[in-house]
Amino acid sequence: MIFIFIDAFKPEYLEKTVFLRELAENNLSGSLEVTFGFTSIIPSLLTGCYPDTHRKIDLFDIDNEAKKKSKSKYLVNLKLLMKNNRFFFTPLNSNYYKYFKISQDKAWPQKNSLSVKNLFDILEENNKTFVSIDWPNIFVSRKPKLFFKNDCKTILGLTKKLLNEKKPDFLFVHFMDLEIAHKHGTLSNELKEKLTEIDNAVKELSNLDNDLIIFSDHSMDEVREKFNLLEKIDALNLKFGKDFVYFLGSTIARFWFKSEEAKKSVEGLLRSLEEGRIINFKEYNLPKTCDLIFLANFGTFFYPNLFNSDYKAMHGWDPKIQKTIYVIKNLKGKKDTHIINLLPTILDILKIKKPKIDGKSLL
Ligand SMILES: [Zn+2]
């Protein structure tokens, strides 16, 4: 089976990807709802469970010890590599960085990368071989290797080579070119060019295996309004670290309170704002890893934010509104689904017994 992960695919892009559109029209396809948050999505894909089981929402979680951390990307990732922890990342460039720690250090195909069994663990248990090409890591079953170029052409070349050499039962490949829409927007010529490249890559790969699944981890939409939430929080005159800790992303703000007064004051502010809403953890099956989450309205972007990102297009808004797509070759029909249902579907196609999970197979 070839499992193609196209990062940041907006459903409207199908108008510009001739091959993929036809593939979607003639095979099982539909809109795909993903989980709330950022680092929650791939764990839900790979475990077939909602975030309240695997407990991931974002890469950065509160560090109750508030330890000082290196901001050097090079040093941090070298240290990870030396421990064979291959989930590489960019440290936050913020004075508040010490209040946070990463919630993930192992790459998805590594043993025990999540607290719950994932697809790669299940494949191994069932004596199936796998290859994962997910920049900057290649895994041939559990054996890792680094690679450095992450453009479509390089990834396609590596995929064809490894399919031919290793003949794995399952190949996972991640194309990340469409992420440029953050910088250039979803209607730019830069993006159009990338869409053509991706479409051609999918076409080439689809000729190599009858079992083919294509999915994206989220859509991408234009930023319509910037909102300075930081200024509003600052005006409360609460002390970061003493009264509360918050992680201000570009579409989501998470809060941890140190006192009842701080909680009341922040809740009062957030309830009065029209630019977003406090979400219900249960509604999105989220673990209670923080006290409160404030979500920006669709199209609204919190700026400034902890990433210092100023983007033209973004994802991470309400996943019940901002949906992406999936296609499964050799099955028929139109069906909208949730990302937790992909794992049981993959296991059914590979004729592997399903563990007890939240997701239900599409077969
Ligand atoms: Zn993504």
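Residues numbered from 1 in each chain as written. Predicted model: local features only at pLDDT ≥ 70, side-chain atom pairs only at ≥ 80, totals over all residues. Heavy atoms only, no water.

Structural notes on the overall build of the protein chain
Each helix and strand counted, the protein chain has 11 helices and 19 strands in total. Its C-alpha radius of gyration of 21 Å places the protein chain within 12% of the 21 Å reference for a compact globule of 363 residues. The C-alpha extent of the protein chain, read off along each of the three principal axes, is 60 × 45 × 40 Å. A total of 363 residues make up the protein chain; the buried ones form 56% of that total. For the protein chain, restricting intrachain contacts to residue pairs at least 6 apart in sequence, the fraction spanning at least 24 positions comes to 69%. Taken as a whole, the protein chain presents about 16,700 Å² of accessible surface, with 49% of it coming from carbon and sulfur. Across the protein chain, the centroid of the 57 positively charged side chains sits 5 Å from that of the 47 negatively charged ones. (Helix = DSSP H or I, 4+ residues; strand = E, 2+ residues; numbered from the N terminus. Rg over C-alpha atoms; globule rule 2.2 N^0.38 Å. Buried < 20%, exposed > 50% of the residue type's maximum accessible area, 1.4 Å probe, protein only. Contact = heavy atoms within 4.5 Å. Areas by Shrake-Rupley, 256 points an atom, 1.4 Å probe, with all protein chains shown as cover. Lys, Arg positive; Asp, Glu negative; His and termini not counted. Charge placed at Lys NZ, Arg CZ, Asp CG, Glu CD.)

Structural notes on the coordination of the zinc ion
Protein coordination of the zinc ion is provided by Asp 7 (OD), Asp 217 (OD) and His 218 (NE2), with donor distances spanning 2.1 Å. In the primary structure, the donors to the zinc ion are separated according to the pattern D-x209-D-H. Of this pair, Asp 7 sits in the loop between strand 1 (2–6) and helix 1 (18–26) while Asp 217 sits in the loop between strand 9 (212–215) and strand 10 (221–222), and the two are 210 residues apart along the sequence. By the burial criterion, Asp 7 is buried, and Asp 217 matches it. (Donors = N, O, S within 2.8 Å, 3.2 Å for Na, K, Ca; no water.)

Notes on helix 10 (residues 260–272)
For helix 10, which comprises 13 residues, the first-to-last C-alpha distance of 19 Å matches the rise-based estimate of 18 Å (1.5 Å per residue) to within 8%. Looking only at helix 10, the buried set comprises Ala 262, Val 266, Glu 267, Leu 269 and Leu 270. Seen along its axis, helix 10 keeps its buried residues to an arc of 160°; they face one direction. In helix 10, the exposed positions angled more than 90 degrees off the buried face are occupied by Glu 260, Glu 261, Lys 264, Arg 271 and Ser 272. Against the buried residues of helix 10 lie helix 9 (229–234), strand 12 (244–248), strand 13 (252–257), strand 14 (276–278) and strand 15 (292–296). (Expected span 1.5 Å × (residues − 1). Arc of directions from axis to C-beta.)

Focus: empty space enclosed by the protein
On inspection of all chains with the given rule, the structure shows two cavities of 30 Å³ or more. Approximately 80 Å³ is the volume attributed to the largest cavity. Along the walls of the largest cavity sit 13 residues, with Val 34, Thr 35, His 218, Gly 316 and Trp 317 positioned nearest its centre. In the lining of the largest cavity, the residues fall into six nonpolar, seven polar and no charged. Of the voids in this model, the second largest cavity is the one considered here, and its volume is about 30 Å³. Along the walls of the second largest cavity sit Arg 55, Lys 56, Ile 57, Asp 58, Phe 60, Asp 61, Ser 103, Arg 254 and Thr 289, which together make up its complete lining. Here the lining of the second largest cavity is composed, by residue class, of two nonpolar, two polar and five charged. (1 Å grid on protein atoms, 1.4 Å probe; cavity = no way out; pocket = protein on both sides within 12 Å on 5 of 7 lines; lining within 4 Å. Points joined across faces, edges and corners; volume = space filled by probe spheres on them. Nonpolar A, V, L, I, M, F, W, Y, C, P; charged D, E, K, R; others polar.)

Focus on the layout of surface pockets
To find the voids left in a structure, one rolls a probe of water-molecule size over its atoms. Space inside the second largest pocket adds up to approximately 470 Å³. Contributing to the lining of the second largest pocket are 18 residues, with Lys 69, Val 76, Lys 79, Phe 89 and Ile 102 lying nearest its centre. If you list the elements that add at least two residues to the lining of the second largest pocket, you get helix 4 (73–82) and strand 4 (100–102). In terms of residues, the lining of the second largest pocket owes the most to one element, helix 4, which gives four residues. Counted by class, the lining of the second largest pocket contains eight nonpolar, two polar and eight charged residues.

In short, the description is geometric, and any link to function would need to be established separately.
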